[in-house]
Amino acid sequence: QVQLVESGGGLVQDGGSLRLSCAASGTIFSINMMGWFRQAPGKQRELVARIISAGSTSYADSVKGRFTISRDNAKNTVYLQMDSLKPEDTAVYYCNAAVAQRSSEYARNYWGQGTQVTVSS
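Residues numbered from 1 in each chain as written. Predicted model: local features only at pLDDT ≥ 70, side-chain atom pairs only at ≥ 80, totals over all residues. Heavy atoms only, no water.

Colleague: Quick one: what's the story with the overall build of the protein, residue by residue and with numbers?
Modeller: Each helix and strand in the protein was counted, giving zero helices and 11 strands. Ordering the α and β elements of the protein from the N terminus gives β-β-β-β-β-β-β-β-β-β-β. Radius of gyration (C-alpha) of the protein: 14 Å, near the 14 Å computed for a compact globule of 121 residues. Dimensions of the protein, computed from the C-alpha atoms along their principal axes, are close to 50 × 25 × 25 Å. Per-residue burial over the protein gives 41% buried out of 121 residues. Summed over its atoms, the accessible surface of the protein is roughly 6400 Å², and 47% of this surface lies on carbon and sulfur atoms. Taken as two groups, the 12 positive and 9 negative side-chain charges of the protein have centres that lie 5 Å from each other. (Helix = DSSP H or I, 4+ residues; strand = E, 2+ residues; numbered from the N terminus. Rg over C-alpha atoms; globule rule 2.2 N^0.38 Å. Buried < 20%, exposed > 50% of the residue type's maximum accessible area, 1.4 Å probe, protein only. Areas by Shrake-Rupley, 256 points an atom, 1.4 Å probe, with all protein chains shown as cover. Lys, Arg positive; Asp, Glu negative; His and termini not counted. Charge placed at Lys NZ, Arg CZ, Asp CG, Glu CD.)

What follows is the structure, encoded as structure tokens:
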């Protein structure tokens, strides 16, 4: 089994910064992709940013230039540095990872439990 544990959420004022972390643990052979999604009340879950094992990144248009995703492969950990936060960034942020537990298996999708980010105006 694989567990994703997030940390770093909280309450911040408009224009502030937060850094989210997500550590993967358990039986892990490789992690192809790690990323962050978010879900605001009454809205669908949406992709915020993702990073593949080689380091390529992609971002939602709404966060480009403000958020930075990074990854420590040795620690199986992904980070999301969020700067210039806006009230519309308020949501539950979920870590996501595509993990292969054995060399003979395809990667499966795993989710963290979510961490609340609230930006006050």
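Colleague: Report on the pattern of salt bridges, specifying residues and quantitative values.
Modeller: A complete count under the given rule lists five salt bridges for this structure. Here D89 ties to R66 by a salt bridge, and the two come within 2.8 Å at their closest N and O atoms. Taken together, the positions of D89 in the loop between β8 (77–82) and β9 (91–100) and R66 in the loop between β6 (57–59) and β7 (67–72) put the pair 23 residues apart, joining distant regions of the chain. Across the pair, exposure class does not vary: D89 and R66 are buried alike. (Salt bridge = Lys/Arg side-chain N within 4 Å of Asp/Glu carboxyl O.)

Colleague: So what's going on with the state of the cysteines? Which residues, and what values?
Modeller: As enumerated under the stated definition, the model contains one disulfide in all. Put simply, C22 and C95 are joined by a disulfide, and their sulfur atoms are 2.0 Å apart. Between C22 and C95, the S-S dihedral sits near -80°, and the bridge is therefore left-handed. With C22 in strand β3 (residues 18–26) and C95 in strand β9, this residue pair connects regions lying 73 residues apart in the sequence. Here C22 matches C95 in class, with each residue buried. (Disulfide = S-S within 2.5 Å.)

Colleague: Report on the environment of Y94, specifying residues and quantitative values.
Modeller: Within the secondary structure layout, Y94 lies in strand β9. When its relative accessible area of 15% is taken as the criterion, Y94 is described as buried. A sequence separation of 45 residues divides Y94 from A49, and the C-alpha atoms of the two residues are 11 Å apart. Setting aside residues no more than four positions away along its own chain, Y94 makes contact with E6, G35, W36, F37, Q39, R45, W111, G112, Q113 and G114. (Contact = heavy atoms within 4.5 Å.)

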